[in-house]
Each structure stands twice: as C-alpha cells, then as structure tokens.
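Descriptive structure summary
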Amino acid sequence: MFFSLIAIAAVIALFVIVSRQQNRIALVERELGVLRGLVQSGASLSAPKAADATQECLPEEAKAAGPAAARSADGAAEEIAAKPEAAEEAAAAGPWTKAQAAAAQSAGPSEPAQPVSSTETPGAEPPAAAKAARQSDVRQSDVETALGTRWAVWVGGIALALGGLFLIRYTIEAGIFGPGVRLTMAGVLGLVLIGGAEFIRRTGFKVPVQGAAGAYIPAILTGAGAFILFGTVYAAHGIYGFIGPATAFVLLGAIGVATIGASLLHGMALAGIGLVGAMVTPALVASQAPNPWALFVYLAIVLAATAAIARIRDWRALVAAAFAGTGIWTILYMVDAPDVNLAAVLFISLATLAVLAFVWLGLFLVTGRDHAARGFDWPSIAPGFFIALSALGLSVDPAFASAGDALHGAVLLAALVAVALYRPRALPLVFAAGIATVLIYLGIIPPATIGANALDVGLDAQPLASSDTLTFRIGIALGLIFLAAGFWAARRFAATASLRAACWAAWGVIAPLTVLTALWLTFGDIDRDLGYALPALLLVLAFATGGEWIARAEEPPLTGGPAVSFALGGAGFAGLLMLHMAFGSGWTTVLLGAAAIVPALATRWRSYPVLGWVAVGAAVAVLARIAFDPTIVGAAFLSRTPVFNWLLPGYGVPALAFGFAAWQLARTTNGRPRLAMEAASALFALLTIAMLVRHAMHGGVIDTGTVTLAEQAIYTLIALGAGAMLVAIDMRSPSSVLRYGSMAAGVISAGLIAVQHFVVLNPLLTDESTGTVPVFNLLFLAYLLPAIAAGALALYVRDKRPRWYAAMLALIASLLAFAYATLSVRRLFKGEFIALWSGLGQLETYTYSALWLVIGVALLTAGVWLKSQVLRIASAVLIAVAVLKVFLFDMSELEGVLRALSFIGLGAVLIGIGLFYQRLLTRAARESREVS
C-alpha cells in the first residue's frame, strides 16, 4: 500500500513537472528565434543590450541561477566568441548553452559577451512588487527542481532496485518459476538497468542536468543494476547453492570492481556503492576452509583499482574508505583467525603501502619537490593507523611476540617510515610508526613484553622482562632507523617546510630515547649502568651533531628553527639519562646543575633560541631531583657535619651554575630563559642556606622533626635578606624576574611572620623556652632581628618598589618590635617560660600600659621624621589600644598608686601628643603662608 501511494504521488508530480517544462521550452524556443534573427540580419548589439535582450527572453529559473551561473556563462561565451565555429557544438548541449552561443556570436569575436544579470536590468531598479514576485517564482522553481530532478530520480532508482528484489520474492512465494529462472530474470533486470543507463548517457545525458548534479540518472540506474546483480549472485550461492564459494567470490568481486570502474563515467556515489559491495563480499561468501591469501589478494586488487580511479578523479574520501576497509579486514583476521598466517598479514600491509606510494600518491612526482613538501595527504591517516595497529599487535601480543614474530611488526614500522620518506605527503605514516614504537617499548598497551611494570622498578630493582636477544636487537634497529630517517628528512625540508622538518626531527629524537630508556629499564641496572651510559652519550653527540647539520641547511643558515630545537632538546634529555646512568645520586645532582653552563656557553657561537631553554630544562631537572630526595644522597648517607656535607654542593653548585648561565645568557641571547635562570639561581641560593640551617639545628637530620621558632626565625631572616639582594641586583641589571621575585620574597616573609611568629610558634602559646641569657635569647632572634631586617628593607625599597610593598614591610617591622618589647617585659616578670596561663601581676599590667605608650610615641616620632604615614597610623592604633587597656582593664585590675600612675601617665602622654600635633599644624600653616 505504501509503495502504491508513492507511485501515485510520483506520477502526479511528474505530470505537473512535464507541463511546466513544456512552457519553459516554448519560452526558450522563442528566445532562440529572436537571437537567430539578430544573427542572420547581421545586427550588431552592444554587450549590455545583448545581455538585456537575453535577460528578457530567459525563463524565471534561469534568471535565478545566481552569480555562479553568470560567471560560468561568461567563460563559455568568451570561448565561443574567440572561436565562432564552436557555436554549433555548444548549441547542441541544451537550451541554456544555445542562448550563450547566440549572444556570443552577436557580440563578435573581438567583444566577449557580458555575463547576464540574474535579478535586475542595468540602469533601472525594478519595483518592490516585481522583486517579491520574482523571489516567489525562484522559491517555487527550487522546490520544483528538487522534486522533479532529484527526489523523483532517487526514489525511482531505489524503487527499481527494490522492485527487482520484490519480483524475485514474489516468484518464490507464488512458485511461478523455478530458482534458476528467477535468478536469471533478476540478472537480466540488473543488466538491462546498466545497459539502459549507458544508453541514456550516450544519447542525451553526457553531463548532469543543470541544478541536479546529485541526481544523475545514468549513475542511479547503474547503481540499481549493480545492487540487483550483487543480490542475484549472493542468492545463487548462499540460498540455492547453484555456485560454489570460489565462483561467487570471483563474481561478487568482479561486480564490485566493475562498479568502481564505472564510477569514472557516473561519479563518486557509484564508486562508493561498488566499494561497499566489494568490501562486504568476503563476509557474504562462506567457506569450509577459508584461504587468507585469496582474501588478501582480492583486497589488494580492489584497493589498487579504487586508488587508481580515486587518483584520476581526486576522490580522497573514496580512497580513505578503501584503505580503512582493507585495514579493518586485516585486524579482524588477526583477532578471529585461530592460526594467523603472518606472511599473509605482512603481504596485505606491504601491498597497502605500495598502493599508497605508487598508485595514490604516485602522480605527485610530476608536481615537483616544492609542491610535495607542502601539506600532507589526509587519506594516508587510514593506512598509517591500521598498519601501525597491526605492528603493535604483532609486537605485544604474546601469541606473536613469544614466537619471535615481533620481527614482522618491526618490518611494518620500518616500512611505514620508508614510505613516509619516499612520499613526503604521507607524513601521517611517520606519526603512526612513532606512536606505535613508543607504545610498544613503554608497554602502555598490555599485555606487553617491555615496561609492563615500570612503577615496580624503583621498588624492587628487578628487570621488567627476561632478556631477549631479538627484542634487544629490534629496539636498537628501530632506534637507528628513526634517528637516521628523521634527521635526513629534517635536513631535506629545513629550508622549504620547517613544520615538516620539525615533525621528522621530533620522531628522530623521541623514538631512540624511548627505546633506550625502555631497554635500560628492562635489561640494565636502574641505579648505575655504564653499559647504557655509553649509548646515551653517543645519542647526545648524534643529536647535537645532527642539529648542527640541519641548521646549516636552513634558509638563512644557522637560524635554529623548530627542527634544530628538537634535536638539541633531545641532546639535553639524553645528557640527563647519561648522567643518571653513569653516576650516583649525589654526583648526578651536582653535575646536572653544572651542565646548565654548557648550553649557555654554546650561545657564544650559535644564537639558537633553544639553547637557553635547554639550560632551563637542566634547572627543572635538578629541582625535580631534589624534590624527590632533598637529602641529595639519601638520609642514610648524609653526613651530620654542619655545613660541609652533601647539601652544600648539592644545592650550592647548581645555584652558582644557574647564576653563571643567567649572566652568560644576558650577554648573548637574553630573553625569557635568562630570567628563568636568574630565578633558579636565587631560589637555589635560598635553598642552600635554608637546608644547611635545618641540617645544623636538627643534628644532621633534615627529613624529620618539627620546625622550631629559632629555625623559623632564621628562615625569615634568609627570605628578607634574599629580597634585599634581589632588589640590589635588579637596580644594577633590571629584570622583571628579579623585580617580582624580590616582592614575592617580601610577601612570603610577611606571611611567615604573621602565621608562624605571632600564632603557631609564639612562646606565649607554646610555652617554649626563651633561653637563660637575659638579652641574647630566643626573643632577640625571633622578633628583634626580623624587626630590624624588615624595617631596613622597608627603608631601602621606598623609592624602588610600589608604596604598598614598603608600607607592608614597615607595618611588619612595627608589629615585630611591639611583640619583642611586650614579650621581653613578660620574660622580665616570668622568667624563661612565659606562657599565658601563668597569670598577670599588677606591676606587670601597669608596665605594659607604660610600654605601649612609649612605643606609640616612638612610632609617632619616627613616622614624622621619616614622613611615613604607616608608622603614624601604627602609633595611633597602638596608643588607642593603650587607652582602651587603661580604661577597661587597668581600672578594674590595678589598685592604689599603680592605678593612679596609669591614668596620670596616659593623660600626660595624650596631652603631649596633642601639643606635638598642634605645633606641627602651626608650623605647616606658617610655612604655607610664607610660600604664598
């Protein structure tokens, strides 16, 4: 019922369309008559007039063709005007082309016809109503075109294909004919459709109908015929058993390949149908004894035919689908086959690469090296992915690797690199090979032979896998292949395609380093192994020499582009491996820090930007190294001798080396690496002092024990001193790192003081011993010295840093001085231990009030003398606190003369402050009058 309704609607729609098309043909014939009369009379029309006349006679759908149609018409008219005898040929192509030919001939060979305007006449703007009517006609024409030329054709093609199948089904259900007759009728129907498509193509449809390129009737009929033939052959084999699997396989493959070949005449859609049929054929044909060679030879033929046709028409999506289909069949065979024929797998993989190199990318040879060096061929991603996946399976699957068949995977990886070298546009292949190599040797895809338990190495110091000579040799061979190919290709493209050169150089570095690291973790000694340190040293020399070799091929030479950066960066990483393999923990840290000098000195001869970043990489590596083990040599081997132990060279040598590297970079390449090295030098200088202090104060143990107030005071003094040094260096050699680093040191110091000195480690709260010496005790170290340091730094940075920074330091100095004075009074009355829970005496309470008033007056005096608003505000706050204490606390707690003296002292101080401010205001007013 549903198909009947579709048929009725289609007939009605076709009837309406035919009637409308007859009207348009009549209009076109009248237009041709006018133009023919003009040509025969020899009248000469100017280009605009001819265009206007043509515009008036054209049907509405031609007027709505748009600027693209106008440009196409212009090009055709110019060709016909230059060659009048071609007008008759063009006239045979259809009504639209006839109009162009007539207009071109009337314009004459010396004056090409102008493009016909699609919506307006020159010199006059059509009324709004006319425009609206024309737009309505255009929309109606678009709907009619879609219904009559595209939908009808596609529905008709599908209906024909389904009709053939339904006819066979009906004959089966009705029992009208035997199986052989039914299959013969279906085959004849498919051949008739294909023959009819060819007849229509030869007689009137050499090109797609204007506006209906997606509904090319011959292509749709051919596709329907191929579909029926596929079904017929499969039924003859799978349902009735008339033909064997071999015959069915050959016939289905032939139909698929023939359909792909017919796409040269009928377009890519038909090629897609043929490709799908060809790829599905092996799944449709079942056999008791499947032959992998028959499968893969067949797939190779289909792939080669598809690639050749796709190359002729430049159908990239088609060839990518063909590569993907072949790869999927290969992976399915490797997964499902009980006994995999590795030679067949190797054959189809190499055949795929051969088709890619010689068929699909073969024509790029004639375009020259420059064209080949630009861009990449994205369909190459599909074969690269599936072949790399096959190589991965052959290398890590125990079923293959244990039998020594990992060699097949290595051959595939080497073949990927070779094709990428031979065809530069196949750049995705080297990425596929590189990623597969890294995954294989890091053991990220389990089950793996190498690197499966990398995290257990540092704990158990056991090899990751049993020694295997083949695995070892394959790793060395792959590393050398990537190294040689990567650097050779990088030099080849260094001058013409820097990004391509960088990609090759990157894999020329990454793959050998990965292989070396994996082999070392698997077969070597994780702590120290000179046997692997030598290959690492050779890699350092190879990468450095290769980087220089590539740099000489750059344009201009020795600029140090991305490829050179990868090479030299790889040399730096290989140097890190070499130091760790050759030396113990302590010497590795020291030598790695000193190694930062080497790239910095190299900038004297080569101004490569990467050299500075290699030095920064050394600093990052040292930082990571001490974060892993702050003791440098391990807690058990660290000497308890103060200062002269492994901490001094472990932290001090990198600090000096980084400082020298920064000094050298400032005189050569400069830039951000120099700033990073300055920051690293300052950081390690602070760490050196801090670690030595902690070592000395904890009896040679730095990884246990809590921080005391005395130790924290030393850290605070170090941070304040570092801030002062950074400011001084920045004033001589301005640097944003030094500027912000100095302020960061000050802010960190202020935070430590606020949290550690005043709260966490305060003797009032911890009841820590303040010492037995009256003056030079813990309070002197923890409060007075930091107060002096913070105040001195605030004075030093007043005109060198932002105002808020100097004010913050001044406030911290005031608070530390206040804390020192208050706690000293507390110690005077309570002795060595001054915890709050020991109580307060009346004389002690009165002393605090007097002391705070004295400190407030001192701060006021210092603020006026130094013209510091922060100190004056601090004095006001402190005096206000003293006032509140006297009125709220002393009034109730003190008795007798102490209460009286408290209020008398407070009144005297406040009156004195009032007189002092009055004198200041009077003096300021007198000075302002004198100035005015």
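Refer to the preceding data block for the structure.
Residues numbered from 1 in each chain as written. Predicted model: local features only at pLDDT ≥ 70, side-chain atom pairs only at ≥ 80, totals over all residues. Heavy atoms only, no water.

Moving on: the overall build of the protein chain. Helix and strand content of the protein chain: 37 helices and zero strands. Sorting the 932 residues of the protein chain into buried and exposed places 45% on the buried side. Of the roughly 45,400 Å² of accessible surface on the protein chain, a fraction of 69% belongs to carbon and sulfur atoms. (Helix = DSSP H or I, 4+ residues; strand = E, 2+ residues; numbered from the N terminus. Buried < 20%, exposed > 50% of the residue type's maximum accessible area, 1.4 Å probe, protein only. Areas by Shrake-Rupley, 256 points an atom, 1.4 Å probe, with all protein chains shown as cover.)

Turning to the packing of aromatic side chains, a few remarks are in order. Under the defined criterion, the tally for this structure stands at eleven aromatic pairs. Between Phe487 and Phe543 the ring centres are 5.9 Å apart and the planes differ by 0 degrees, which places this aromatic pair in the stacked class. With a gap of 56 residues between them, Phe487 in helix α21 (residues 469–493) and Phe543 in helix α23 (residues 530–551) connect regions that are remote in the sequence. Looking at Phe487, the relative accessible area reads 5%, which means it is buried. For Phe543, a relative accessible area of 0% gives the class buried. Look at Phe658 and Phe684: their rings are 5.3 Å apart centre to centre, the planes differ by 80 degrees, and that puts the pair in the edge-to-face class. Of the two residues, Phe658 sits in helix α28 (residues 647–666) while Phe684 sits in helix α29 (residues 672–697), which places them 26 residues apart along the sequence. Neither Phe658 nor Phe684 differs from the other in exposure class; each is buried. The ring of Phe493 has Arg500 sitting right over it, with the charged end atom 5.5 Å from the ring centre. Above the ring of Tyr796, the side-chain terminus of Lys800 is found at 4.4 Å from the ring centroid. (Phe/Tyr/Trp six-rings, centres within 6.5 Å; stacked < 30°, edge-to-face > 60°. Lys NZ or Arg CZ within 6 Å of the ring centre and 35° of its normal.)

A word on the packing of helix α13 (residues 316–336) against helix α16 (residues 381–396). Running from N to C, α13 and α16 cross one another at 15 degrees; their axes reach a closest spacing of 8 Å. Comparing the axis directions of α13 and α16 gives the class roughly parallel. Where α13 crosses over α16, the handedness of that crossing is left-handed. Taking contact as the criterion, the partners of Ala320, Phe323, Ala324, Gly327, Ile328, Thr330, Ile331 and Met334 in α13 are, on α16, Ala382, Pro383, Phe386, Leu389, Ser390 and Leu394. Of the residues contributing to the contact of α13 with α16, the split by class is eleven nonpolar, three polar and no charged. (Axes fitted to C-alpha atoms, helices over the stretch in contact; angles between N-to-C directions. Parallel < 35°, antiparallel > 145°, perpendicular 65-115°, else oblique. Left-handed = near helix turned anticlockwise from the far one by under 90°. Contact = heavy atoms within 4.5 Å. Nonpolar A, V, L, I, M, F, W, Y, C, P; charged D, E, K, R; others polar.)

The next subject is helix α18 (residues 406–422). Taking 1.5 Å per residue, 17 residues should reach 24 Å; α18 reaches 25 Å between its end C-alpha atoms and fits that length. Those residues of α18 not exposed but buried are Ala406, Gly409, Ala410, Leu412, Leu413, Ala415, Leu416, Val417, Val419 and Ala420. (Expected span 1.5 Å × (residues − 1).)

What follows deals with the pattern of salt bridges. The final tally for this structure, using the stated rule, is seven salt bridges. Put simply, Asp314 and Arg316 hold a salt bridge, and the shortest N to O gap is 3.6 Å. Residues Glu548 and Arg606 are paired through a salt bridge, measuring 2.8 Å at the closest nitrogen-oxygen approach. Separated by 58 residues along the polypeptide, Glu548 in helix α23 and Arg606 in the loop between α26 (597–602) and α27 (609–628) bring together distant segments of the chain. Given a relative accessible area of 24%, Arg606 falls into the partly exposed group. Residues participating in the shared-partner salt-bridge network are Arg311, Asp314, Arg316 and Asp377. (Salt bridge = Lys/Arg side-chain N within 4 Å of Asp/Glu carboxyl O.)

Moving on: the side chain of Thr514. Following the sequence through the fold, Thr514 ends up in helix α22 (residues 498–523). Relative accessible area serves as the criterion here: at 12%, Thr514 is assigned to the buried category.

Right, let's talk about the packing of α13 against helix α14 (residues 342–360) for a bit. Where α13 meets α14, the closest approach of the two axes is 10 Å, and the angle between their N-to-C directions is 170 degrees. On the basis of their axis angle, the class for α13 and α14 is roughly antiparallel. Between α13 and α14, the residues in contact are Arg316, Val319, Phe323, Thr326, Thr330, Tyr333 and Met334 and Val345, Ile348, Thr352, Val355, Leu356 and Trp360, respectively. For the contact of α13 with α14, a count of residues per class yields nine nonpolar, three polar and one charged.

Within the largest apolar cluster, 145 residues are counted, with the highest numbers of intra-cluster contacts made by Trp504, Phe543 and Met677. If you look at the next biggest cluster of nonpolar residues, it comprises 31 residues, including Leu764, Ala794, Ala806 and Ala819. (Core = buried A, V, L, I, M, F, W, Y, C linked by side-chain atoms within 4.5 Å.)

Next up on the list: unusual backbone geometry. Cis geometry marks the peptide bond from Glu555 to Pro556; its omega dihedral reads 0 degrees. Inspection of the secondary structure puts Pro556 in the loop between α23 and α24 (562–582). If you check the backbone angles, Ile632 has positive phi at about 75 degrees while not being a glycine. The topology assignment puts Ile632 in the loop between α27 and α28. Although it is not a glycine, Asn670 adopts a positive phi angle of roughly 55 degrees. Inspection of the secondary structure puts Asn670 in the loop between α28 and α29.

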